[in-house]
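So the chains spell out like this:
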Amino acid sequence: MSTGITLSAAVRNNLLSLQSTAKMMSETQSRLATGNKVNSAVDNATSYFTAQGLNNRASDLANLQDSMGLAVKTVNAASTAIDSIQKLVTQAKSVANSALQTTVAAASADVTVAAASANASAGAIKLVVSVDGQDAKTVSITSSIASAGDLKTALSGQVSGITVSGSGSTLTISDASGHNFSIAAASGSSAAVIGGSLSKTTNGANRDSFVTQYNDLRAQIDQLAADASYNGINLVNGAGVNNNLTVNFNAAQTSSLTLSAVDLTSTGLGLTAATDWSSKSSVDSVTSTLNSATTSLRTQSSTFGSNLAVIQNRQDFTQSTIDNLQAGAGDLTLADTNQEGANLLALQTRQSLATTALSLSNQAQSSILSIIR
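Read on for an overview of the structure. (Residues numbered from 1 in each chain as written. Predicted model: local features only at pLDDT ≥ 70, side-chain atom pairs only at ≥ 80, totals over all residues. Heavy atoms only, no water.)

### Concerning the overall build of the protein
Item 1. Within the protein, the regular secondary structure consists of 6 helices and 8 strands.
Item 2. Each helix and strand of the protein, ordered N terminal to C terminal, gives the series α-α-β-β-β-α-β-β-β-α-β-β-α-α.
Item 3. Considering the protein as a whole, with its 373 residues, one finds that 35% of them fall into the buried category.
Item 4. Looking at the protein alone, contacts between residues at least 24 apart form 71% of all its contacts between residues at least 6 apart.
Item 5. Looking at the protein as shown, the accessible area adds up to about 19,900 Å², and 49% of this sits on carbon and sulfur atoms. (Helix = DSSP H or I, 4+ residues; strand = E, 2+ residues; numbered from the N terminus. Buried < 20%, exposed > 50% of the residue type's maximum accessible area, 1.4 Å probe, protein only. Contact = heavy atoms within 4.5 Å. Areas by Shrake-Rupley, 256 points an atom, 1.4 Å probe, with all protein chains shown as cover.)

Here is the structure:
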């Protein structure tokens, strides 16, 4: 304002009021346009830098949220793999049970009666018959053995489930049920009577096919475990640091959870390749291993499920913290648009009144000028 111009007190007061009103209107319009009542440190240094710190921490936690989201997906991939492996294990168990229901080709072998024992007296010969390596039974020969035919008659009468045939010095003993068994002379008996043993060593055509199916399923378990990787981490394809998953819950990495990888391949589950399913005991052994594998899978599924719940809980907590931090920063810097709108309306009214008052003051000076003229 030029000092060479003299204004009356009324005009000067009205002019100052208009200038003050214009400044406040400019600030109010800026708040409405940006939505912030503090746009820089000039507006309010304390609120500006405090809000900046809160927003920075919220940004750090948001980055951790992304990491936790990837961890959830990785654990989900591992859990899905476990469910699929369990289905293959169940299928393998079904194959083993089907094998038990299948009759294999009859086992047979030749047993030679030694000439030195051809005239052994009654009761002098005792034979031990063992089926599938267990349930051994001692068979006493109660009549004189003069030929292979005599031995045939003695065995056929005392051992169920086998068929004895042949003549001369050689007998053929067969088992129609596909069991493994052996025949040998008992202790204290004439060992020369038995010159061989009977043992089932082949699966037969039907059980061979089940062995092939089982081994194919075992290979599928390995392939599935290898394909369970997510974001470069595989939690089910073998233990190791490279496959472990560490999830950080704060920027300082002082709060975290580590998920250790496990070996859920066929080797890790103890499922060895099948070769001979000729006996019930060999199939039962495979079934027992499959049951143990099922237990291991269920236990690991429960472990991963518990870990997943922890990560998801921390996700929710972290999101709540982020919301709280952003709300705090907003309280320090954000403008109340309703209040600012009301302020602008009031300022516009004040500006209109001040303009009118200034006009009236000028009219008073004009009246004085008219009198002078």
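Having seen the model, we can carry on.
### Quick look at the packing of helix 2 (residues 45-100) against helix 5 (residues 280-333)
Item 1. Interaxial distance between helix 2 and helix 5 falls to 7 Å at its minimum, and their mutual angle equals 165 degrees. By the angle between their axes, helix 2 is roughly antiparallel relative to helix 5. Crossing geometry of helix 2 relative to helix 5 is assigned as left-handed. (Axes fitted to C-alpha atoms, helices over the stretch in contact; angles between N-to-C directions. Parallel < 35°, antiparallel > 145°, perpendicular 65-115°, else oblique. Left-handed = near helix turned anticlockwise from the far one by under 90°.)

### Quick notes on the pattern of salt bridges
Item 1. Across all of its chains, the model carries 1 salt bridge by this definition.
Item 2. Between Asp 284 and Lys 280 there is a salt bridge, with its nearest N and O atoms 2.6 Å apart. Within this pair, Asp 284 and its partner Lys 280 are both found in helix 5, separated by 4 residues, close to a single helical turn.
Item 3. The exposure class assigned to Asp 284 is partly exposed, which follows from its relative accessible area of 30%. (Salt bridge = Lys/Arg side-chain N within 4 Å of Asp/Glu carboxyl O.)

### Digging into the packing of aromatic side chains
Item 1. Summed over the entire model, instances satisfying the criterion amount to 2 aromatic pairs.
Item 2. When the centroid spacing of 5.4 Å and the interplanar angle of 55 degrees are considered together, the rings of Tyr 214 and Trp 277 count as tilted. Of this pair, Tyr 214 sits in helix 4 (residues 204-226) while Trp 277 sits in the loop between strand 8 (256-259) and helix 5; the two residues are 63 residues apart in sequence, bridging distant segments of the chain.
Item 3. Overall, Trp 277 belongs to the buried group, its relative accessible area being 1%. (Phe/Tyr/Trp six-rings, centres within 6.5 Å; stacked < 30°, edge-to-face > 60°.)

### Digging into the pairing of strand 8
Item 1. Side chains Leu 257 and Leu 259 of strand 8 all project onto a buried face; the interleaved residues Ser 256 and Thr 258 project onto a face where none is buried.
Item 2. Two elements, strand 7 (residues 245-248) and strand 8, share 4 bridges in a ladder whose sense is antiparallel. For Val 247, the partnering residue across the bridge sits in strand 8 and is Leu 257. (Pairing = 2+ DSSP bridges.)

### Here's the deal with empty space enclosed by the protein
Item 1. Scanning all chains against the criterion turns up 1 cavity of 30 Å³ or more.
Item 2. There is about 40 Å³ of room inside the largest cavity.
Item 3. Leu 88, Val 89, Ala 92, Tyr 214, Leu 217, Arg 218, Ile 221, Leu 271 and Leu 290 together form the lining of the largest cavity.
Item 4. Looking at the lining of the largest cavity, the elements that each hand over two or more residues are helix 2 and helix 4.
Item 5. Looking at the lining of the largest cavity residue by residue, the classes come out as 8 nonpolar, no polar and 1 charged. (1 Å grid on protein atoms, 1.4 Å probe; cavity = no way out; pocket = protein on both sides within 12 Å on 5 of 7 lines; lining within 4 Å. Points joined across faces, edges and corners; volume = space filled by probe spheres on them. Nonpolar A, V, L, I, M, F, W, Y, C, P; charged D, E, K, R; others polar.)

### Re the environment of Ser 281
Item 1. Positionally, Ser 281 belongs in helix 5.
Item 2. Linking Ser 281 and Leu 100, residues 181 residues apart in sequence, is a C-alpha distance of 9.8 Å.

### Thoughts on the environment of Gln 312
Item 1. For Gln 312, the position within the fold is in helix 5.
Item 2. Placed 240 residues apart in sequence, Gln 312 and Val 72 show a C-alpha to C-alpha distance of 7.4 Å.

### A look at helix 2
Item 1. Taking 1.5 Å of rise per residue, the 56 residues of helix 2 would be expected to cover 82 Å, and the 83 Å separating its terminal C-alpha atoms lies within 8% of that figure.
Item 2. The residue sitting at the N-terminus of helix 2 and contributing the capping side-chain oxygen is Asn 44; that oxygen lies 3.3 Å from the backbone nitrogen of Thr 46. (Expected span 1.5 Å × (residues − 1). Polar contact = N/O pair within 3.5 Å; in protein donor to acceptor, adjacent residues only side chain to side chain.)

### A closer look at the nonpolar core
Item 1. By size, the foremost hydrophobic cluster in this structure holds 49 residues, and its most contacted members are Tyr 214, Leu 235, Val 236, Trp 277, Phe 304 and Ile 311.
Item 2. When residues of this core are traced back to their parent elements, those giving at least two are helix 2, helix 4, strand 7, strand 8 and helix 5.
Item 3. With 17 residues, the single largest contributor to this core is helix 2.
Item 4. In this structure Leu 235 touches Thr 74, Val 75, Ala 78, Asn 243, Leu 245, Leu 259, Ala 261, Val 262 and Phe 304, once residues within four positions along its chain are discounted. (Core = buried A, V, L, I, M, F, W, Y, C linked by side-chain atoms within 4.5 Å.)

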